[in-house]
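# Close look at the chain arrangement
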Amino acid sequence: MAEDTFLGDDFLRQLMNVGEVDLLVGIPSYNNAETIGATVQAIEDSLRQAFIRDRVVILNVDGGSTDNTCEALLGMNGKRGTGARGLTSLRTVHRVSSQYANAPSQGSALHSVLAAADLLRARYCAIVSPAMANPSAEWMANLLRPVHQEKCDFVAPLYRRSKYQGLLARNLLYPMSRAVFGKKIRELYADEWAFSGALAAQCLGRNVWQEEAVRARPEAWMGVTAICGDFKCGQSFLGPKAPIAAGAGPDIVEAIRQTVGGLFWCLEEQQDYWMGKTGSESVATFGPEHELTADEGQSLNADKILEMFQRGVNELEPILSPILTAETHAEIKALAQQQEGFRFGVELWVKTLYEFAASYHHSVINRDHLVQALVPIYRGRLYSFLLEHADSSPEEMEADTEALCGEFERQKPYLVERWKAKAEVKT
């Protein structure tokens, strides 16, 4: 059994009262009293209908909510601790809730879930957001079936997105992680994913839980761990991706710090795995691999994005200088002065990102400052993307994504070259 001393006594007592389970669904929460009930109801309906022979537990790990989130979960339908037996279920669906800290941390929440899964000997697990819009029982079943029936060890979600949703993933996270690690997993950064007990045990035993990359976005680290550990990976289509309410998610600076910073850290941790790999291969996919709608979704102020790109490149010149080669830096500065025919081409974009990743590896400046310096440059790429695809169909946008992925794969030897090259460390 893994080390479990960080789990509270009350939490351990609740887990021991449950006993061994087949399925464990973890719900990390923080002030989600208004929505967690609908999420739990959808999970319970799914478990009772699609997994009727399995012993199951719904595990809420809370980051210090002050709105009675835990009480809302445990008090559903007047029940506490153990849910009522469903009409088609052969087993009881248990509910357990515990606070792991006084401040939310996705990494700490996952750590608690993995320790509980180890204690309960769970064979299949999932993490689900408590803030899903209109969750359905079928949605939950689609997430769990690949680990339950197809023996996948890591399952990422796939979503139906509007035209301008997920642009950071489309322009950076998916194509770069695909090229580097060699697997075509589109959504390594997500609020819900599923995994096997075997992968849970391996991740639990890793000494990484104090690393900022794991604390901020543990799902991507877990996915990369599965890829590099030769676990069976897959992805499953869940349906529409609910848009995030204005102000509800991290701003672009924090989003890039968490996601791109985490990706660069994973490159560092797994360099022995990826440096000799070329190309990319598909993973088991359940349902459509991607689905875009013509709806633009959230509106973006293109002029403001361009202005912030131009100002950022000028203001950050002393910081960008040690990160980028002189040639790449000059191209970006010239682009920031361009008034007509603006285009941040894919070749320059990929080269820029690979130079950032290599400079992160060499720690040419403070790594957090380095990642934040990418923000204005991403805005330049985003502005170019909006210009190019103002009238594009979903099919044309998907073709563009494939071309970008191909460019990341084509230039991967350049990343390896820069990674291996000696670099002068700046203060």
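Residues numbered from 1 in each chain as written. Predicted model: local features only at pLDDT ≥ 70, side-chain atom pairs only at ≥ 80, totals over all residues. Heavy atoms only, no water.

## So, the nonpolar core
Counting 106 residues, the largest nonpolar core has Met176 and Phe181 as its most contacted members. For this core, the element with the most residues is helix α16 (residues 367–388), which contributes eleven residues. With near-sequence residues (within four places) excluded, methionine 176 lies in contact with Leu263, Phe264, Leu267, Leu353, Tyr354, Ala357 and Phe408. Judged by nonpolar contacts, the second largest core, of 29 residues, contains Leu23, Leu73, Ala141 and Leu143. (Core = buried A, V, L, I, M, F, W, Y, C linked by side-chain atoms within 4.5 Å. Buried < 20%, exposed > 50% of the residue type's maximum accessible area, 1.4 Å probe, protein only. Helix = DSSP H or I, 4+ residues; strand = E, 2+ residues; numbered from the N terminus. Contact = heavy atoms within 4.5 Å.)

## Structural notes on empty space enclosed by the protein
As enumerated under the stated definition, the model contains two cavities of 30 Å³ or more in all. In terms of lining residues, the largest cavity is bounded by 15 residues, among which Arg161, Arg170, Arg186, Glu187 and His290 are the most central. Residues belonging to the lining of the largest cavity are distributed by class as follows: five nonpolar, three polar and seven charged. Estimated volume of the second largest cavity: approximately 30 Å³. Put simply, the parts of the chain that give the lining of the second largest cavity at least two residues each are α9 (218–228) and α10 (252–269). Residue composition of the lining of the second largest cavity, grouped by class: five nonpolar, two polar and one charged. (1 Å grid on protein atoms, 1.4 Å probe; cavity = no way out; pocket = protein on both sides within 12 Å on 5 of 7 lines; lining within 4 Å. Points joined across faces, edges and corners; volume = space filled by probe spheres on them. Nonpolar A, V, L, I, M, F, W, Y, C, P; charged D, E, K, R; others polar.)

## Examining the side chain of arginine 186
Mapped onto the secondary structure, arginine 186 falls in the loop between α6 (167–181) and β6 (193–196). On the basis of relative accessible area, arginine 186 is assigned to the buried category, the value being 11%. Here arginine 186 is in contact with Leu158, Arg170, Tyr174, Gln235, Glu289, His290, Glu398 and Thr401, once residues within four sequence places are set aside.

## Examining the packing of α10 against helix α15 (residues 346–362)
Direction vectors running N to C along α10 and α15 enclose 60°, while the axes themselves pass 10 Å from each other. By the angle between their axes, α10 is oblique relative to α15. You can see that α10 and α15 cross each other, and the crossing is right-handed. On the side of α10, the interface is formed by Gly261, Phe264, Trp265, Leu267 and Glu268, while α15 contributes Leu353, Phe356, Ala357, Tyr360 and His361. Grouping the amino acids of the contact of α10 with α15 by side-chain chemistry returns seven nonpolar, two polar and one charged. (Axes fitted to C-alpha atoms, helices over the stretch in contact; angles between N-to-C directions. Parallel < 35°, antiparallel > 145°, perpendicular 65-115°, else oblique. Left-handed = near helix turned anticlockwise from the far one by under 90°.)

Bear in mind that shape data such as this cannot, by itself, settle questions of function.
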